[in-house]
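Residues per chain, in single letters:
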Amino acid sequence: MEEPAPRQNRHQWRHNPKHQSTGGTSLVQDPAASIFPKAPSLDGLMKDVSLSDYFMAAEELKVQGNEKYSAKLYLEAVELYTRAIDLRPYEPTYLTNRAAAYMALNKYGKALSDCRAARSVEATLLPKTLLGCAKCHLGLGDPDSALPLLKKALEGDSGNEQINEFFEIAERMRRGLDNYKRALEDKEWEAASSALDLAGSSSKGYEPVIWRLWKMELDIAVKNWDKASLRAKEILQLDERAPAAQYTQGLVLFLMNDLPSAINPLQEALKLDPRDTKTRRLRGHVQRTQVLKEEGENLFRIGNWRKACRKHLKALEVIGLEDKEGNGGYIRALILSNRAASSLKVLY
């Protein structure tokens, strides 16, 4: 990890109690305890200690963070860098180091916030910081935002192999996205999926979560329910707080005629985003379809076939016939079959 360059300016350090770590059990030993014998923790630092003592404590935390990062213990590295930032919030190296740890955890949103903070306090804007910001945008599936940053980084260091490499990656990702969008407009689902695969294969492991969500939607459009369900589970393993994945999992279960199971992921998605009208609408459709399906089946069993037909028809209206939803999936096929059986009873 990068060592901080010595800088002396009025923004280099400012103690701010709001930045102190709060609550919880620390994963790491607090080096400040040995530097400040009268203060057993960072939260209890005395007001009259010198700035050099704070700097020493922050540097020790950074060194420990670098060791954890090298050992691929990224969560512990994040905590150590955070405690260093608590002591020296205007040291850009601590921010960029924590950003690198966040990126290793696929938390590109948090990493981007740190990179932007580092840019705001650097005395001279460094190409390495611009590269870090660009990597975050690529991790979020946004090559259009990454490319201007990489161009600016190359202005300051045109011979940097890593910056040039990521510039090429961003260009390939952008071309892949352009092909994906064109195929999507033409409803060429297989071509759209191939465009994303091609863009992902040339992105050096930068396959954003949003791209996986798009692939799930394409799997649904071509009626590949099992693959879509597997992708949803993979995304939730990466980020259990991914409402879009919860929504898609609920949609897949609905289309596969597993109505009771479809409700749970939709409920979880609404806990994360209660105002999501799309998820709320789908949950209502699942619940309404389940009621109409059961009512139609009960009416068929007791021989009231005309009313059963009407229930089946209402259920079909709720399910819909959207291309992006696999034309209603298995659940629509089942209701059509039930309606056909009721119609035959009415006729004969």
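Residues numbered from 1 in each chain as written. Predicted model: local features only at pLDDT ≥ 70, side-chain atom pairs only at ≥ 80, totals over all residues. Heavy atoms only, no water.

### Observations concerning the overall build of the protein
- In terms of regular secondary structure, the protein is built from 16 helices and zero strands.
- Here the protein, with 348 residues, has 45% of them falling under the buried criterion.
- For the protein, the share of sequence-separated contacts (at least 6 apart) that also reach a separation of at least 24 residues comes to 56%.
- For the protein, the computed accessible surface area is about 18,600 Å², with 50% contributed by carbon and sulfur atoms. (Helix = DSSP H or I, 4+ residues; strand = E, 2+ residues; numbered from the N terminus. Buried < 20%, exposed > 50% of the residue type's maximum accessible area, 1.4 Å probe, protein only. Contact = heavy atoms within 4.5 Å. Areas by Shrake-Rupley, 256 points an atom, 1.4 Å probe, with all protein chains shown as cover.)

### Remarks on the packing of aromatic side chains
- Scanning the entire structure with this criterion turns up three aromatic pairs.
- Both rings, one in Tyr 180 and one in Trp 214, keep their centres 5.1 Å apart while their planes meet at 10 degrees; by these two values the pair is stacked. Note that Tyr 180 is positioned in helix H8 (residues 161-185) and Trp 214 in helix H10 (residues 209-221), a separation of 34 residues in sequence.
- For the ring pair Trp 225 and Tyr 330, a centre distance of 5.9 Å and an interplane angle of 65 degrees mean the geometry is edge-to-face. (Phe/Tyr/Trp six-rings, centres within 6.5 Å; stacked < 30°, edge-to-face > 60°.)

### Things to note about the pattern of salt bridges
- Inspection of every chain in the model, using the stated rule, returns 11 salt bridges.
- The shortest N-O distance in the salt bridge between Lys 271 and Glu 268 comes to 3.2 Å. Residue Lys 271 and its partner Glu 268 are both found in helix H13 (residues 259-272); the two are separated by three residues, about one turn of the helix. (Salt bridge = Lys/Arg side-chain N within 4 Å of Asp/Glu carboxyl O.)

### Considering unusual backbone geometry
- Positive phi outside glycine occurs at Lys 223, with the angle close to 65 degrees.
- Among the structural elements, Lys 223 can be located in the loop between H10 and helix H11 (225-238).
- Accessibility expressed as a relative area gives 41% for Lys 223, which makes it partly exposed.
- At Asn 257, a position not held by glycine, the phi torsion is positive, near 70 degrees.
- Structurally, Asn 257 can be placed in the loop between helix H12 (243-255) and H13.

### Some words on the packing of helix H6 (residues 127-139) against H8
- Contact geometry for H6 and H8: axes closest at 11 Å, N-to-C directions at 25 degrees. The pairing of H6 with H8 is recorded here as roughly parallel in orientation. By crossing handedness, the relation of H6 to H8 is classed as left-handed. Residues Pro 127, Leu 131, Lys 135 and Leu 138 of H6 lie in contact with H8, whose contacting residues are Gln 162, Ile 163, Phe 166, Ile 169, Ala 170 and Met 173. (Axes fitted to C-alpha atoms, helices over the stretch in contact; angles between N-to-C directions. Parallel < 35°, antiparallel > 145°, perpendicular 65-115°, else oblique. Left-handed = near helix turned anticlockwise from the far one by under 90°.)

### Comments concerning the environment of Leu 321
- Along the chain, the position of Leu 321 falls in the loop between helix H15 (305-319) and helix H16 (329-347).
- In the structure, Leu 321 is positioned 11 residues away from Arg 332 in sequence and 8.4 Å away in space, judged by C-alpha atoms.
- Once residues within four sequence positions are removed from consideration, Leu 321 is found in contact with Asn 327 and Arg 332.

### Regarding the environment of Cys 115
- The topology assignment puts Cys 115 in helix H5 (residues 108-121).
- Here the alpha-carbon distance between Cys 115 and Thr 129, two residues 14 residues apart in the chain, equals 6.5 Å.
- If we skip the residues at most four places from it in the chain, Cys 115 touches Ala 99, Thr 129, Gly 132, Cys 133 and Cys 136.

### Side note on the nonpolar core
- Leu 138 and Leu 150 are the most contacted members of the largest nonpolar core, which has 40 residues in total.
- Of all the secondary-structure elements, those providing two or more residues to this core are helix H3 (74-87), helix H4 (92-104), H5, H6, helix H7 (143-156), H8, helix H9 (189-201) and H10.
- It is H8 that provides the largest number of residues to this core, a total of nine residues.
- Leave out the neighbours within four places in its chain, and Leu 150 touches Leu 131, Ala 134, Ile 163, Phe 166, Phe 167 and Ala 170. (Core = buried A, V, L, I, M, F, W, Y, C linked by side-chain atoms within 4.5 Å.)

### Brief notes about H5
- An ideal rise of 1.5 Å per residue puts 20 Å on 14 residues; H5 measures up with 20 Å between its terminal C-alpha atoms.
- For H5, the set of buried residues is Tyr 108, Ala 111, Leu 112, Asp 114, Cys 115, Ala 118 and Val 121. (Expected span 1.5 Å × (residues − 1).)

### Brief notes about helix H14 (residues 277-301)
- In this model H14 runs 36 Å from its N-terminal to its C-terminal C-alpha over 25 residues, within 8% of the 36 Å that 1.5 Å per residue would give.
- Listed as buried for H14 are Thr 279, Leu 282, Arg 283, Val 286, Thr 289, Leu 292, Lys 293, Gly 296 and Leu 299.
- Put simply, Asp 276 is the residue that caps the front of H14, since its side-chain oxygen is 3.1 Å from the backbone nitrogen of Lys 278.
- Trailing H14 by a residue or two, Gly 303 shows a phi angle of about 85 degrees, which is positive. (Polar contact = N/O pair within 3.5 Å; in protein donor to acceptor, adjacent residues only side chain to side chain.)

### Remarks on the confidence of the model for the protein
- On average, the protein scores 83 in pLDDT, and the residues at 70 or more come to 84%.
- Note that residues 4-46 has pLDDT below 50 and, in this model, 73 contacts with residues that lie over four places away or in other chains. (pLDDT = per-residue confidence, 0-100.)

### Observations concerning a positive patch on the surface
- A contiguous patch of positive charge on the surface is contributed by Arg 288, Arg 306, Lys 307, Arg 310 and Lys 314.
- With four residues, the single largest contributor to the positive patch is H15.
- By the secondary structure assignment, Lys 307 is in helix H15.
- Judged by its relative accessible area of 43%, Lys 307 falls in the partly exposed class. (Patch = residues over 30% accessible without salt bridge, like charges linked within 9 Å, V, L, I, M, F, W, Y side chains within 5 Å. Lys, Arg positive; Asp, Glu negative; His and termini not counted. Charge placed at Lys NZ, Arg CZ, Asp CG, Glu CD.)

### Some words on the environment of Cys 309
- Tracing the backbone shows Cys 309 in helix H15.
- Each C-alpha atom of the pair Cys 309 and Ala 341 lies 8.9 Å from the other, and the pair is 32 residues apart in sequence.
- Excluding residues within four positions of it along the chain, Cys 309 makes contact with Arg 339, Ser 342 and Ser 343.

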